[in-house]
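Summary of structural features
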Amino acid sequence: MTKNAEDGTLANKVAKRPAARRNFDQEALTFHASGRPGKIEITATKPLTTQHDLSLAYSPGVAAPCLEIARDPTTAYDYTAKGNLVAVISNGTAVLGLGDLGALASKPVMEGKAVLFKRFADVDGLDLEIDTRDVDEFVNCVRFLGPSFGGINLEDIKAPECFVVESRLREIMDIPVFHDDQHGTAIIATAGLINACNITGRKLSDIKVVVNGAGAAAISCVELSKALGVKPENVIMCDSKGVIYTGRSEGMNQWKSAHAADTKLRTLKDAIKGADAFFGLSVKGAVTPDMVRSMAKNPIIFAMANPDPEITPEEVAEVRDDAIVATGRSDYPNQVNNVLGFPFIFRGSLDVRARTINEEMKIAAARALAELAQQDVPDEVASAYSGRKLRYGREYIIPVPFDPRLIATVPPAVAKAAMDSGVARKPITDMNAYRKQLAARLDPSVASLQTIASEVMRSPRTVVFAEGEEERTIRAAIAYRNAGYGKPVLVARRRKVEQLIAELAIKPEDLEGITITNARESKSNAAYTEYLYKRLQRSGHLQRDCERMVNQDRNIFAACMVGLGHADTMVTGLTRNYHSALAEVRRVIDTHPGAPVFGLTMVVIRGRTLFVADTAVHERPTPDEVAHIAIESADVVRRMGHEPRVALLSYSNFGNPPGAVTETMREAMALLDDAGKEGAIDFEYDGEMGVDVALDPDRSRIYPFCRLTGPANVLVMPGLHAANISTRLVQRFGAATSIGPILIGLEKPVQIVSMDASVSDLVQMALMAAHACAPKLI
C-alpha cells in the first residue's frame with residue numbers, strides 16, 4: 001500500500017472532487033468494468049479452426065520457426081510478433097497528475113496506452129507493471145525483456161529516477177527505449193513552437209524562452225528546443241524555488257544543473273519579462289495576467305499543466321489579443337497531446353528495426369508534425385471535432401489526434417531519420433510504397449484504392465465537378481490535382497470561387513491547373529444545346545427548353561461536357577438528392593444498351609472487403625436486372641484487383657423456404673447459367689442464399705454442392721431496401737468503411753455522391769469515375 005493510501009490522502013481527494021467530476025468518474029468505472037473487464041485482449045492472427053491449424057500454431061509445427069530463430073535471431077521478426085510489439089512499462093510512481101499510486105493502480109493507464117498504440121498506428125502494445133521503486137531492480141527487470149519486444153515505452157515513472165532508468169536501459173538494450181512523459185510532450189510542444197515562430201515571423205535562434213517546471217517533460221522540452229536551434233543562453237528554466245541559475249545549490253540535481261542560466265534573475269515574474277515564449281509544465285495558476293502583459297509582442301504561451309493550465313486562454317485574452325496559446329486540454333485549441341507522437345514514432349522505429357530512438361528521430365517527428373499542421377485539413381477531420389474549422393493559424397499550430405494523415409506523415413520522417421543517422425537495421429528502399437502501406441494499415445479500403453489510383457495516375461483524366469461553388473468541391477478539386485489524377489474542372493462563377501478561396505485562406509496560386517467554367521463563359525453552349533435537343537425533342541422538350549437547361553442547370557452543363565468529350569467524367573450530388581441528380585444526368589448520358597444502372601458499394605470491415613449491389617437505384621430488381629448486376633459487379637470488382645465470388649442473397653438458402661423474393665433470385669441464377677453456357681461468365685456465382693451462408697468459409701459441410709470456393713465478396717441484394725439499410729447501418733455504427741455507391745451502367749462515367757459527402761468522398765468518387773469504363777454485358 002502506498003503512503004498516500006495509508007494516510008487517507010487519496011480518499012480525501014476523491015471526496016473533495018466536484019459532483020460533476022464524481023459522476024464522470026462513475027461513468028468511467030462502469031466503462032472499464034462492463035462486459036470483459038479492462039480495455040485490451042489478445043486475438044489470433046492465424047486461423048485456429050481445425051486440428052491441423054493447431055498443429056501448425058503449436059506443437060509440432062512451432063518447432064520449425066524455433067529452430068530458424070536459434071540459427072538466425074533476426075528471423076524472430078519474420079516468424080513472431082516481436083517486430084510490431086511494444087512493452088508499455090511503469091512502476092506507478094507518477095500516475096497522471098495523481099502521484100505515486102503504485103504499480104497495480106497504474107494498470108488502467110498502461111492498458112489505455114496500449115489501446116492508443118493500436119488505434120493510431122496499428123502497433124500492438126502489452127502493458128507491464130513492475131512493482132518496485134528501486135531503480136536497480138526496475139532496470140534489471142526490464143533489461144531482460146529485449147527478446148520479447150520490438151520496443152520499450154516507459155510511462156509514469158517519477159523524476160529524477162526516470163532519467164536514470166531510461167539512460168541505463170538505452171545503454172543496455174538494442175531496441176528503442178522511450179520515456180514518453182519526457183520526449184512525447186517535448187516533440188509535440190516543439191512542433192507547435194516551430195509553427196508559432198513561423199506565424200509570428202520569428203527565428204528559433206532569436207527567441208527568448210522561459211520554462212516553468214523542471215521535471216522530466218520540462219527538461220526534455222528544453223533539450224529538444226536547443227537541438228532545434230534555440231540558443232542555450234536564451235533559455236531560462238524555473239522550478240518551485242525560482243530561476244535555476246549557475247551556482248544555485250538548493251533543490252538542484254545534475255539534470256537541472258545542465259540547464260542552469262548565467263543570470264541575475266531569480267523569479268519567474270522577473271524571467272518572463274520580455275520573453276518571446278513560455279513553456280509551462282508546472283501547476284495551475286503559476287502565471288498571472290501581469291506576467292503575460294510583460295511578455296514581448298506576439299507572445300507564445302504553452303501552458304501545459306494538467307488538468308488545469310498555468311493560465312487559461314481566456315485569462316490571456318483579457319490582457320493580450322496578440323498571443324498564441326496552447327494547453328494540454330482538448331477543450332481548447334492547440335492541444336499538446338502526446339498521442340500525436342508516441343504511436344507514430346514507434347511505428348517508424350519498428351518498421352526499420354531501429355536500435356534506439358535518437359535525437360535526430362525526435363527532431364524529424366517534430367518537424368513532420370509542424371509541416372502537417374501547415375497543410376489544408378480534410379473536412380472529415382473537422383467533423384471529428386464538432387465541425388470546428390481547422391486552418392493553419394494562431395488557433396491551429398498543432399495537428400489534431402484524429403487526423404488520418406498522421407500515420408503516413410510522421411513514421412516515414414522518423415524512419416528516414418533512423419536510416420540517415422545509422423540506427424536502422426532494415427532500411428526502407430521505397431518510401432512512397434511505405435507511405436501507402438502505412439495508410440492501408442488503418443483504413444483497409446486504401447489498399448484497394450491504391451491499385452485504382454496507380455492506374456489513373458498512369459492515364460490522368462479530366463473530371464468536371466458540377467457544383468464548383470461549394471467549399472468541399474473546391475478543396476476536392478485541389479486534392480484531385482495534387483494527387484496527380486488529372487485535370488479538375490469547376491462549373492462555377494469565377495467571382496464566387498475567388499470570394500470563397502479568400503474566405504478559406506486558399507491562395508489563388510493553389511488553383512493553378514484547375515479550370516473554372518460556366519454557361520456564361522463557355523463557347524460550347526450552342527453545341528451543348530443542339531446535342532441535348534436531339535436527345536429530348538421527342539420527349540416534349542423545345543429547343544429553348546434545352547437552351548435554358550444548359551444555361552441554368554449545372555448538372556446538365558457538366559454532363560454535356562462529358563457527353564461531347566470535353567471532359568472524361570463528372571462528379572455531382574452535394575446540392576441535390578441522389579435520384580434528382582441521376583435523372584438530370586440521364587437526360588444527357590445514355591445507359592449502356594441492355595444494362596441496368598445501379599450502385600455498387602465497397603464495404604471494408606475488419607480488414608475484409610465486400611461489394612454490395614444495388615445500393616442506389618432499383619427498389620426491387622427483376623431477374624434480368626439481378627443477372628446483369630451480378631455480371632457487371634464482377635467485372636468492376638475484378639478491375640479493382642479482387643477475384644469476384646458472387647452470392648445472390650435472400651432470406652432463404654437454395655429454395656428453403658420458398659417465396660417471391662427467392663423466386664426472383666432463382667430465375668436470375670437460371671439466366672446466369674444460360675449466359676455461362678455461352679461463355680459469357682468467367683467468375684464464381686451461386687444463390688439464392690442467406691448472408692451467413694454466403695460469408696461462411698466452411699459452408700460445404702451443409703451445402704457440399706455450393707459452387708463458391710470461398711466466402712463471397714460480391715453480395716447482390718434482392719432489393720434496394722436491404723442493400724441500402726445494411727451498408728448504411730454498418731457505416732453509421734463505425735463498424736465498416738464504405739465507398740460508394742459507385743454508379744455503374746452509364747455509357748459515360750459519372751459518379752453521384754451523397755449530400756453530406758466529405759472532401760475525401762468527392763476525391764474517391766472522382767477517382768472511381770476516372771477509373772471507370774463500359775461494363776461487360778451478357
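Now for a look at the structure at hand. (Residues numbered from 1 in each chain as written. Predicted model: local features only at pLDDT ≥ 70, side-chain atom pairs only at ≥ 80, totals over all residues. Heavy atoms only, no water.)

So, the overall build of the protein
Per the secondary structure count, the protein includes 32 helices and 21 strands. Relative to a compact globule of 778 residues, whose C-alpha radius of gyration would be 28 Å, the protein shows 31 Å and is just as compact. When the backbone C-alpha atoms are referred to their principal axes, the protein occupies close to 95 × 70 × 55 Å. In the protein, buried positions account for 52% of the 778 residues. Considering only contacts in the protein between residues 6 or more positions apart, those separated by 24 or more positions represent 70%. Roughly 35,700 Å² of accessible area belongs to the protein as shown, and the carbon and sulfur atoms make up 51% of that amount. Within the protein, the 96 negative side-chain charges are centred at a point lying 4 Å from the centre of the 90 positive side-chain charges. (Helix = DSSP H or I, 4+ residues; strand = E, 2+ residues; numbered from the N terminus. Rg over C-alpha atoms; globule rule 2.2 N^0.38 Å. Buried < 20%, exposed > 50% of the residue type's maximum accessible area, 1.4 Å probe, protein only. Contact = heavy atoms within 4.5 Å. Areas by Shrake-Rupley, 256 points an atom, 1.4 Å probe, with all protein chains shown as cover. Lys, Arg positive; Asp, Glu negative; His and termini not counted. Charge placed at Lys NZ, Arg CZ, Asp CG, Glu CD.)

As for the packing of aromatic side chains
Taken as a whole and judged by the stated rule, the model has 12 aromatic pairs. Between F117 and F346 the ring centres are 5.5 Å apart and the planes differ by 80 degrees, which places this aromatic pair in the edge-to-face class. Residue F117 is located in helix α7 (residues 107–121), and its partner F346 is located in helix α16 (residues 342–351); the two are separated by 229 residues in the primary sequence. Taking the relative accessible area as the measure of exposure, F117 reaches 0% and is therefore buried. Residue classification places F346 among the buried positions, given a relative accessible area of 0%. (Phe/Tyr/Trp six-rings, centres within 6.5 Å; stacked < 30°, edge-to-face > 60°.)

Details of the packing of helix α25 (residues 543–552) against helix α26 (residues 554–563)
Where α25 meets α26, the axes come as close as 5 Å, and the angle between the chain directions of the two elements is 95 degrees. When the interaxial angle is binned, α25 and α26 end up roughly perpendicular. Seen from α25, the contacting residues are M549, V550 and Q552; seen from α26, they are R554, I556, F557 and C560. In terms of residue class, the contact of α25 with α26 is made up of five nonpolar, one polar and one charged. (Axes fitted to C-alpha atoms, helices over the stretch in contact; angles between N-to-C directions. Parallel < 35°, antiparallel > 145°, perpendicular 65-115°, else oblique. Nonpolar A, V, L, I, M, F, W, Y, C, P; charged D, E, K, R; others polar.)

Observations concerning the sheet that holds strand β6 (residues 235–239)
With mixed pairing, six strands are arranged side by side in an open sheet as β7-β6-β5-β8-β9-β10. At either margin of the open sheet sits one strand with a lone partner, and together these are β7 (242–243) and β10 (324–327). Pairing geometry for β6 and β7, over two bridges, is antiparallel. Residue D239 lies in a different strand from β7, and its bridge partner there is G242. (Pairing = 2+ DSSP bridges.)

Some words on the sheet that holds strand β14 (residues 569–572)
Pairing within the open sheet is parallel, and its five strands lie in the order β13-β12-β11-β14-β21. Each end of this open sheet is capped by a strand with a single partner; those strands are β13 (515–517) and β21 (750–752). Strand-to-strand twist in this sheet, taken as the mean axis angle between neighbours without regard to direction, amounts to 20 degrees. Judged from the five bridges that link them, strand β11 (residues 461–465) and strand β12 (residues 486–491) form a sheet pairing that is parallel. When the sheet's bridge partners are listed, T462 is paired in β12 with K487. Strand contacts of helix α22 (residues 471–482): β11 and β12, with the helix running at about 165 degrees to β12, the strand carrying the most contacts. Relative to β14, helix α32 (residues 759–771) is tilted by about 155 degrees, and along the sheet it contacts β11, β14 and β21.

Section: the pairing of strand β16 (residues 608–613)
In terms of burial, β16 is largely enclosed, as five of its six residues are buried. In terms of strand pairing, strand β15 (residues 598–605) meets β16 through six bridges, oriented antiparallel. Bridge pairing in β16 links T601 to V612. In terms of strand pairing, β16 meets strand β19 (residues 714–716) through three bridges, oriented parallel. Counterpart to F611 in the pairing with β19 is V714.

Here we look at α22
The end-to-end C-alpha distance of α22 is 17 Å, a good match for the 16 Å that 12 residues give at a rise of 1.5 Å each. Taken residue by residue, α22 has T473, I474, R475, A476, A477, I478 and Y480 as its buried positions. Remark: G484 follows α22 within two positions and exhibits a positive phi of approximately 80 degrees. (Expected span 1.5 Å × (residues − 1).)

Thoughts on the pattern of salt bridges
With the rule as written, the count across this model stands at 38 salt bridges. Between K113 and E155 there is a salt bridge whose closest N-O contact spans 3.0 Å. Residue K113 is located in helix α7, and its partner E155 is located in the loop between β3 (151–154) and α9 (161–172); the two are separated by 42 residues in the primary sequence. Each member of the pair, K113 as well as E155, carries the same accessibility label: buried. One salt bridge in this structure joins K362 and E359, with 3.5 Å as the shortest N-O distance. Taken together, the residues K362 and E359, both in helix α17 (residues 359–373) and three residues apart, mark about one turn of the helix. Looking at K362, the relative accessible area reads 6%, which means it is buried. When salt bridges with common partners are traced through the structure, they connect K107, E111, D127 and E129 into a single cluster. (Salt bridge = Lys/Arg side-chain N within 4 Å of Asp/Glu carboxyl O.)

Description of the pairing of β11
In terms of burial, β11 is largely enclosed, as four of its five residues are buried. Taken together, β11, α22 and β12 constitute a β-α-β crossover, and its handedness is right-handed. Pairing between β11 and β14: three bridges, direction parallel. Considered in β14, the bridge of F465 is made with V571. (Right-handed = clockwise from strand over helix to strand, strands pointing away.)

Purely geometric stuff here, so don't read any function into it on its own.
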